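Working through the structure, step by step
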Amino acid sequence: MKNKIKICIMGMGYIGLPTAALLANRGYQVHGVDIKQDVIDTINLGDVHIVEPELDSYVSNAIISNSLTASLVPTESDIFLIAVPTPFHSNNLNANTSSPIPNLDYVIDATKKIAPYIKKGNLVLLESTSPVGTTNILTEILSTVGVVVDDIYIAYSPERVLPGDIMRELIENDRVVGGINESSTKKAAEFYRTFVKGEVFETNAKTAEMVKLTENSFRDVNIAFANEISMLSDDMEIDASELISLANQHPRVNILSPGCGVGGHCISVDPWFIVNSANGKAKMVEQARRTNDYKAEWVISKIKDNAINFEKKHGRKPIIACMGLAFKADIDDLRQSPALHIALELNKELNVVVVEPNISKFSILDLVSLEIGLESDICVYLVPHTVFKKVKIKNADLNFCGMVIGEK
Ligand SMILES: NC(=O)c1ccc[n+]([C@@H]2O[C@H](COP(=O)([O-])OP(=O)(O)OC[C@H]3O[C@@H](n4cnc5c(N)ncnc54)[C@H](O)[C@@H]3O)[C@@H](O)[C@H]2O)c1
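1. Concerning the environment of Ala 288
Along the polypeptide, Ala 288 turns up in helix 11 (residues 283–314). In the structure, Ala 288 is positioned 153 residues away from Thr 135 in sequence and 27 Å away in space, judged by C-alpha atoms. Discounting chain neighbours no more than four positions away, the residues touching Ala 288 are Asp 220, Val 221 and Ala 224.

What follows is the structure, given as structure tokens:
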């Protein structure tokens, strides 16, 4: 333990805990910090509080071998890595762009917490998805509280892992690393090369921050295009799936599948960081965000129209089954999920049941089995979960999840 390089990781969530567990199994002495006592207790027992394949064995091995500890407070280390949330202030809009404002409170808090433990020669890494300039803000905070920033190394490296495959992608993905100066970039890249098999690309902190925001905005813009085409197709009474599949026969066209919106804590959040700081110049990024948010409202109005038509025909309100609540296929994550938003809105005035095969309990809505959901008057397919692909679609059903289901 004496000769091991020590790493203190702030934030034991979907990114911080897998990173901590991986590094602890790779010869580092890791200390994980979180603000939640239950998270700390779970980790110290060798257990996990998040669902991620293989993570449990990495954590239990690390705890058994004493290479991973967890507590509410940081400890002196050689490397500090920050992986705390970076959401936006949902009720606080930028007065110029009417866009949500990034919430850096968690990053600022974590930075202040590690400050007293930082010594000359240490490396401080930020991995939280952050607005451009955040690594500089972090540097200023450290300087303000008395850390001699010229004596340490500070860098940003965005995380690109896919939940469900995190333990493999942490090692195999290429990485971008950008320091506040050349020596910080080199020091950080050297660290990542000790466990990353992919290529480690070196740049500056601002570019590295913008790389992550650009990647997620690229996805958002492309999905917005598919969503816009799907709404236009509906106006023209054209089948959007058929249209997109035919257009994709072109050798250089690859339109994505439309859905009921865009969710999750990355793609539906990060583009706002660009919009918020662009003073009205990020027009396409902003429009994509608004188009994808609007798609969920459009879906709600379509379902309501259908419910009205059903009532006119049958003299009673329909039972509507919302098929899927998660923000994408085959996961249990409901963060910023448009499907959940749609189900909650419909539930205010219609008879709604929900089918979400990836969760077992949900107190806010009437969660039913797939078999019971399929007996509803109208099944609304919101998420392309694999189990729904075998289902035979009825005439009254609505499919917004961008996949062909059963037979028409
Ligand atoms: N989850 C992903 O797939 C993913 C992918 C790429 C990037 N990111 C980014 O990584 C960052 C972390 O995301 P996540 O999914 O791990 O979030 P998370 O919510 O799963 O975990 C964050 C953890 O940090 C803890 N925390 C909050 N404030 C803290 C503080 N001051 N000190 C110590 N711990 C604190 C929280 O209690 C929580 O357990 C975010 O910026 C996110 O956008 C996430």
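2. Things to note about the pairing of strand 13 (residues 378–381)
The two faces of strand 13 match: Ile 378 and Val 380 on one face and Cys 379 and Tyr 381 on the other face are all buried. Sheet analysis places strand 11 (residues 319–323) next to strand 13, joined by four bridges and oriented parallel. Paired with Ile 320 across the strands is Ile 378, a residue of strand 13. The pairing of strand 13 with strand 14 (residues 398–399) spans two bridges and is parallel. Bridged to Tyr 381 within strand 14 is Asn 399.

3. Remarks on the sheet that holds strand 4 (residues 79–82)
Spatial strand order, 3-2-1-4-7-8-9-10: eight strands in an open sheet with mixed pairing. The open sheet has two free edges, formed respectively by strand 3 (68–71) and strand 10 (200–204), since each of these has just one partner strand. The average angle at which neighbouring strand axes cross in this sheet is 25 degrees, direction not considered. As paired strands, strand 8 (residues 153–156) and strand 9 (residues 175–179) are joined by two bridges and run antiparallel to one another. By the bridge assignment, Tyr 156 is partnered in strand 9 with Gly 178. Where helix 7 (residues 182–192) meets the sheet, it contacts strand 1 (6–10), strand 4, strand 7 (123–126), strand 8, strand 9 and strand 10, and its direction lies at approximately 150 degrees from that of strand 9.

4. Points about the nonpolar core
Generally speaking, soluble globular proteins have nonpolar side chains that are buried together. If you look at the biggest cluster of nonpolar residues, it comprises 41 residues, and the most contacted ones within it are Ile 43, Leu 68, Leu 125, Phe 191 and Tyr 192. Sort the elements by how many residues they give to this core and helix 1 (residues 16–24) lands first, with six residues. Excluding residues that lie within four positions of it along the chain, Leu 125 makes contacts with Ile 79, Phe 80, Leu 81, Ile 82, Ala 155, Ala 188, Phe 191 and Tyr 192. Within the second largest apolar cluster, 29 residues are counted, among which are Met 231, Phe 310, Ile 320 and Val 380.

5. Here's the deal with the sheet that holds strand 12 (residues 351–355)
Strands pair in a sheet through their backbones, by hydrogen bonds, and they do so in one of two ways: parallel or antiparallel. Taken together, the four strands give an open sheet; going across it, the order is 12-11-13-14, and neighbouring strands pair in parallel fashion. Lying at the two open borders of the sheet, with one neighbouring strand each, are strand 12 and strand 14. The strands touched by helix 12 (residues 338–347) are strand 11 and strand 12; relative to strand 12, the strand with the most contacts, the crossing angle is about 155 degrees.

6. Thoughts on the packing of helix 10 (residues 270–277) against helix 11
As a packed pair, helix 10 and helix 11 sit with axes 9 Å apart at the nearest point and diverge in direction by 135 degrees. Relative to helix 11, the element helix 10 lies oblique. Regarding helix 10 and helix 11, the two cross each other, and that crossing is left-handed. Between helix 10 and helix 11, the residues in contact are Pro 271, Trp 272, Ile 274 and Val 275 and Val 285, Glu 286, Arg 289, Arg 290 and Asp 293, respectively. Tallied by class, residues from the contact of helix 10 with helix 11 come to five nonpolar, no polar and four charged.

7. Some details on the site of the ligand
Residues in close proximity to the ligand total 27 residues, the closest being Ile 15, Asp 34, Thr 86, Asp 109 and His 265. For the ligand, an oxygen atom lies 3.0 Å from a polar atom in the backbone of Tyr 14. Within the backbone of Thr 129, one N or O atom sits 3.0 Å away from an oxygen atom of the ligand. Within the complex, 93% of the 830 Å² of free accessible area of the ligand lies under protein. A per-class count over the shell around the ligand returns 14 nonpolar, six polar and seven charged.

Rules used in this analysis
Residues numbered from 1 in each chain as written. Predicted model: local features only at pLDDT ≥ 70, side-chain atom pairs only at ≥ 80, totals over all residues. Heavy atoms only, no water. Helix = DSSP H or I, 4+ residues; strand = E, 2+ residues; numbered from the N terminus. Contact = heavy atoms within 4.5 Å. Buried < 20%, exposed > 50% of the residue type's maximum accessible area, 1.4 Å probe, protein only. Pairing = 2+ DSSP bridges. Axes fitted to C-alpha atoms, helices over the stretch in contact; angles between N-to-C directions. Core = buried A, V, L, I, M, F, W, Y, C linked by side-chain atoms within 4.5 Å. Parallel < 35°, antiparallel > 145°, perpendicular 65-115°, else oblique. Left-handed = near helix turned anticlockwise from the far one by under 90°. Nonpolar A, V, L, I, M, F, W, Y, C, P; charged D, E, K, R; others polar. Near = heavy atom within 4 Å. Polar contact = N/O pair within 3.5 Å; in protein donor to acceptor, adjacent residues only side chain to side chain. Areas by Shrake-Rupley, 256 points an atom, 1.4 Å probe, with all protein chains shown as cover.

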